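Breakdown of the fold
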2 protein chains.
Amino acid sequence: MRDAYVIGAGGSQYGAFPTESYRSMFRTAFESTTASVDNGIDAGDIDEAFIGMISIGGRQLGLSGPAVTEHVGLHGVPTTRLENACAASGYAVRQAVQAVRSGMADVVLAGGVEMMTDLSSDTTRYWFGVSGETEWERMAGTTFSGVYAQIASAHMAEYGTEREQLSKIAVKSHANGALNPDAHLGFECSLEQAEGAGVVADPLTLYHCCPTSDGAAAVLVASEDVVEQYTDTPVRIAGVGAASDGVGLFQRDSYTSLPATKQAAETAYEMAGVGPEDVDFAEVHDCFSIAEILAYEDLGFCEPGEGGQLIEDGVTTLEGDLPVNTSGGLKSKGHPIGATGAGQVYEAFKQLRGDAGDRQVEGAQVGLTHNVGGSGGAAVVHVLEGPEVDA
Amino acid sequence: MRDAYVIGAGGSQYGAFPTESYRSMFRTAFESTTASVDNGIDAGDIDEAFIGMISIGGRQLGLSGPAVTEHVGLHGVPTTRLENACAASGYAVRQAVQAVRSGMADVVLAGGVEMMTDLSSDTTRYWFGVSGETEWERMAGTTFSGVYAQIASAHMAEYGTEREQLSKIAVKSHANGALNPDAHLGFECSLEQAEGAGVVADPLTLYHCCPTSDGAAAVLVASEDVVEQYTDTPVRIAGVGAASDGVGLFQRDSYTSLPATKQAAETAYEMAGVGPEDVDFAEVHDCFSIAEILAYEDLGFCEPGEGGQLIEDGVTTLEGDLPVNTSGGLKSKGHPIGATGAGQVYEAFKQLRGDAGDRQVEGAQVGLTHNVGGSGGAAVVHVLEGPEVDA
């Protein structure tokens, strides 16, 4: 089967943009993506498109994929909207890999968009909430913050993880995000601020929770047969993995691990022929700071229960051995649901090509992205290799 | 790239089922599908799942793919919900083909479900409406029936197509649906009834419009490497094609043809190495009777403008040379949006294996399915070959 490469990636700024539409937002990401292709690319070269989006309340529910792609000039191109809650565009990138490997497409657009701050439809905010388990969690009054608070409490009880460690994750995320001009909350925060902020769902404070953002991101994936037309410095998608799980927490054996992440990572590592020890940096799904600790453990960056120590030791800071969420992560860069997974690959693309500016990880050659839907009902992992690995 | 085969297909009855949920409905389709696999299949054999669904108002919006598959026992399997309005599960079947051809999966579940008669969420009916073009059609007061009424009026003006020809399509659909125990409206209708029914949107009467239905359908697609484990009578997916188009009618050059259908069909025919003259029967997207006439023309079953004559001549009746919508089609079998595309493949599977009972097309060896999203913003076509073609 043919190898797949990222030849371009881009995104909009994340934030609150009341004067933008989902179409204009995605167009910004698309133009940033095509502009990043070294030798340029015509819209007519794109054979297929996958758009991640959970909902665009009050606007377009059906055919929202073609509604987005027609606005960027992709006429006639097979276009599909994918939904896997917050993992929508991580799955879109994976579908692009399948399309390329299938031989049915040579160049595929994978991206996503979400306009979360537009509450013009009175049900919009409600809809985002029902991306978790509806019948037994949401209708019983449990919010997303509540679900992750339960996860945090369980992790603290089982492993002695401390709230201050969650706060250190937040401090790191904001330190990185302050270096990212596209970040929604691109300011630093102190440990005292993170610790002292209002409690959203005990033990999680405001700084342990990501914001709701508007934003879009996109990636262009090309087959090995055409990649050289577009760039001499492609980023190889060496491994992809995905898995689902029971949507509700109550269906899991444990609250302190996401089996979907583990399974997705195993598949991606195996396909790439690498292990967690080979990863130079990672973008992981930190919708809540405790989720980043789970990711450290489930991705194999440390043993179960040792995630808190990893941040204590500074391993995952920008200066550490394994920088995590150099973009600022969901916490500081922001979390426009449908855009997040593609946005992670965008950050990895920049890192692997040495284009990450003040937040560049020196010598980055192998990057990992990790995107979760709901509280672990879906997960998708990509292992990406920089041009020098391939050379 | 590896060939893909349908090894099993099934569906629920279509209709109004107030005591069922989207999960139980899909489970019925899933069990019917696995039961159709000659040598049996374990849920554990399934590597990937694609679920077509537009919305399940008031229930699960995000992660609705995994919410469905967990209920049928697919644990851990990568599962993605696809949306392309009424073409959702036609695209799901196409994604299954990509997954198989990519080498990333050997057995893939593709299906769909919709519960359209449950209006427990006050916005549900509204949401289905915004599957057409929202900003310039729906918000200007144009319904789906209104859009297709404009198409019908244009076809009549350009080609002299008559309303009685639309009625003859409806009579044929109901004659076939009366032979299908799974049909929502499984009764015959006379030409007088179709002509005399109340006008929904001039020139379309009630009998020129499909119903809104609850229902589910599914297909199991396997790679050439494993197909023999499951059946000696597989149905080969010889060709697949898909295309998008401007979502709104006002963006098209013509009202009397769907370019997305034409492009999807060209791709599918080319991949299969066949032409419209080789097709023994077809399931086409007759959301309104005029849409079936457009399909005749866009799929190449006749020249542009001659679709009305095709039904006049009886060519597309069960006894004709090219039976169309032997299942009853969307008009009589029903149209549970997310289920429709997979349901069409289910009918083709039965026809090609000689299992279609009273509505069997004698000697059927090549079948075509045609699924449209919105009023032509998306289309997907499959060319399927029976076991004897392969032998």
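Residues numbered from 1 in each chain as written. Chains lettered and ligands numbered in written order. Predicted model: local features only at pLDDT ≥ 70, side-chain atom pairs only at ≥ 80, totals over all residues. Heavy atoms only, no water.

- An unreviewed UniProt entry annotates chain A as Thiolase domain-containing protein originating from Natronosalvus hydrolyticus.

Some details on the UniProt feature "domain: Thiolase C-terminal" (unreviewed entry) in chain A
- Look at the UniProt record and you will see "domain: Thiolase C-terminal" (unreviewed entry) annotated at residues 241-385 of chain A.
- A helix fraction of 32% and a strand fraction of 16% characterise residues 241-385 of chain A, whose end C-alpha atoms lie 15 Å from each other. (UniProt positions renumbered as here; feature names shortened; annotations may be inferred. Helix = DSSP H or I, 4+ residues; strand = E, 2+ residues; numbered from the N terminus.)

Overview of the nonpolar core
- The biggest cluster of nonpolar side chains holds 152 residues, and the ones touching the most others in it are Val-6, Phe-26 and Leu-109 of chain A together with Val-6, Phe-26 and Leu-109 of chain B.
- When sequence neighbours within four positions are dropped, the list of residues in contact with Leu-109 of chain B reads Phe-26, Phe-30, Ile-46, Glu-48, Ala-49, Phe-50, Leu-74, Ala-218, Val-219 and Leu-220 of chain B.
- Core analysis: the next-biggest nonpolar cluster, separate from the first, contains 49 residues, Ile-169, Cys-209, Val-284 and Leu-294 of chain B among them. (Core = buried A, V, L, I, M, F, W, Y, C linked by side-chain atoms within 4.5 Å. Buried < 20%, exposed > 50% of the residue type's maximum accessible area, 1.4 Å probe, protein only. Contact = heavy atoms within 4.5 Å.)

Comments concerning the packing of aromatic side chains
- According to the stated counting rule, one finds four aromatic pairs over all chains in the structure shown.
- With 4.8 Å between their ring centres and 25 degrees between their planes, Tyr-148 of chain B and Phe-288 of chain B make a pair best called stacked. Taken as a pair, Tyr-148 of chain B in helix α5 (residues 144-159) and Phe-288 of chain B in the loop between β9 (281-283) and α10 (289-298) lie far apart in primary sequence, 140 residues in all. Grouping residues by exposure puts Tyr-148 of chain B and Phe-288 of chain B together as buried.
- The ring of Tyr-346 of chain A has Lys-350 of chain A sitting right over it, with the charged end atom 4.0 Å from the ring centre. (Phe/Tyr/Trp six-rings, centres within 6.5 Å; stacked < 30°, edge-to-face > 60°. Lys NZ or Arg CZ within 6 Å of the ring centre and 35° of its normal.)

Details of the pattern of salt bridges
- All told, the structure shown has 32 salt bridges over all chains when counted by the stated rule.
- Across the salt bridge formed by Glu-195 of chain B and Arg-163 of chain B, the nearest N and O atoms sit 4.0 Å from each other. Taken together, the residues Glu-195 of chain B in helix α7 (residues 191-196) and Arg-163 of chain B in helix α6 (residues 163-177) connect sequence positions 32 residues apart.
- We classify Glu-195 of chain B as partly exposed; its relative accessible area is 23%.
- With relative accessibility at 26%, the residue Arg-163 of chain B sits in the partly exposed group.
- One connected set of salt bridges, linked through shared partners, spans Arg-2, Asp-106 and Asp-225 of chain A. (Salt bridge = Lys/Arg side-chain N within 4 Å of Asp/Glu carboxyl O.)

Some details on the packing of helix α1 (residues 22-35) of chain A against helix α2 (residues 64-71) of chain A
Residue and element names in this part refer to chain A.
- Where α1 contacts α2, the two axes come as close as 9 Å, and the packing angle between them is 55 degrees. It follows that α1 is oblique to α2 by the angle criterion. By crossing handedness, the relation of α1 to α2 is classed as right-handed. Residue-level contacts link Tyr-22, Arg-23, Ser-24, Phe-26 and Arg-27 of α1 to Ala-67, Val-68, Glu-70 and His-71 of α2.
- Residue classes in the contact of α1 with α2 are distributed as four nonpolar, two polar and three charged. (Axes fitted to C-alpha atoms, helices over the stretch in contact; angles between N-to-C directions. Parallel < 35°, antiparallel > 145°, perpendicular 65-115°, else oblique. Left-handed = near helix turned anticlockwise from the far one by under 90°. Nonpolar A, V, L, I, M, F, W, Y, C, P; charged D, E, K, R; others polar.)

Some thoughts on the environment of Glu-135 of chain A
All names here are of chain A.
- Checked against the element boundaries, Glu-135 lands in the loop between α4 (124-129) and α5 (144-159).
- You can call Glu-135 partly exposed: its relative accessible area is 40%.
- Here the alpha-carbon distance between Glu-135 and Glu-347, two residues 212 residues apart in the chain, equals 36 Å.

Regarding helix α10 (residues 289-298) of chain A
Residue and element names in this part refer to chain A.
- With ten of ten residues buried, α10 is to be regarded as a mostly interior element.
- Taken residue by residue, α10 has Ser-289, Ile-290, Ala-291, Glu-292, Ile-293, Leu-294, Ala-295, Tyr-296, Glu-297 and Asp-298 as its buried positions.
- Buried positions along α10 lie against α5, α6 (163-177), α9 (259-272), α11 (307-312) and β10 (366-373).
- Of the residues flanking the end of α10, it is Gly-300, one or two places downstream, whose phi is positive at about 85 degrees.

Looking at the side chain of Thr-205 of chain B
- In this fold, Thr-205 of chain B is placed in strand β6 (residues 204-205).
- In this structure Thr-205 of chain B comes out as buried when scored by relative accessible area, which is 0%.

Structural notes on the state of the cysteines
Residues and elements named next belong to chain A.
- This structure, assessed with the given rule, holds zero disulfides over all chains.
- As a non-bridged cysteine, Cys-209 has Cys-210 as the owner of its nearest cysteine sulfur, 7.5 Å distant.
- Overall, the relative accessible area of 10% leaves Cys-209 in the buried class. (Disulfide = S-S within 2.5 Å.)

With respect to the relation of the copies chain B and chain A
- Once chain B is rotated about the relating axis by 180 degrees and shifted along it by 0.0 Å, it coincides with chain A to within an RMSD of 0.0 Å. Between the two chains, the operation in question is that of a two-fold axis. When C-alpha positions in chain B are compared against the rotation axis, the closest is assigned to Ser-102 of chain B, at 2.0 Å.
- A share of 100% of interface residues in chain B that are also interface residues in chain A marks the association as one of identical surfaces. (Least-squares fit on C-alpha atoms with pLDDT ≥ 70 in both.)

Things to note about unusual backbone geometry
- Cis geometry is adopted by the peptide bond preceding Pro-203 of chain A, which originates at Asp-202 of chain A and carries an omega value of 10 degrees.
- Inspection of the secondary structure puts Pro-203 of chain A in the loop between β5 (199-201) and β6 (204-205).
- If you check the backbone angles, Leu-63 of chain B has positive phi at about 60 degrees while not being a glycine.
- A relative accessible area of 0% places Leu-63 of chain B in the buried class.
- Even without glycine at this site, Ala-85 of chain B takes up a positive phi of about 50 degrees.

Structural notes on the interface of chain B and chain A
- Contacts between the two partners involve 62 residues from chain B and, on the opposite side, 62 residues from chain A.
- Scanning the region where chain B abuts chain A turns up four salt bridges.
- Between Glu-83 of chain A and Arg-81 of chain B there is a salt bridge whose closest N-O contact spans 2.7 Å.
- Top contributing element to the side of chain B that touches chain A by residue count: helix α3 (residues 88-102) of chain B, with eight residues.
- Along the lines of polarity and charge, the residues of the side of chain B that touches chain A split into 25 nonpolar, 25 polar and twelve charged.
- Pairing between strand β3 (residues 79-83) of chain A and strand β3 (residues 79-83) of chain B: three bridges, direction antiparallel. Directly across from Glu-83 of chain A, in β3 of chain B, lies its bridge partner Arg-81 of chain B. (Pairing = 2+ DSSP bridges.)

Things to note about the pairing of strand β7 (residues 214-223) of chain A
Residue and element names in this part refer to chain A.
- The element β7 is largely enclosed, with a buried count of ten among its ten residues.
- Along β7, one buried face is formed by Asp-214, Ala-216, Ala-218, Leu-220 and Ala-222 and the opposite face, lined by Gly-215, Ala-217, Val-219, Val-221 and Ser-223, is buried too.
- As paired strands, strand β1 (residues 4-11) and β7 are joined by seven bridges and run antiparallel to one another. Within β7, the position partnered with Gly-11 by the bridge is Ala-217.
- The sheet contact formed by strand β4 (residues 107-115) and β7 spans nine bridges and is antiparallel. When the sheet's bridge partners are listed, Gly-111 is paired in β7 with Ala-218.

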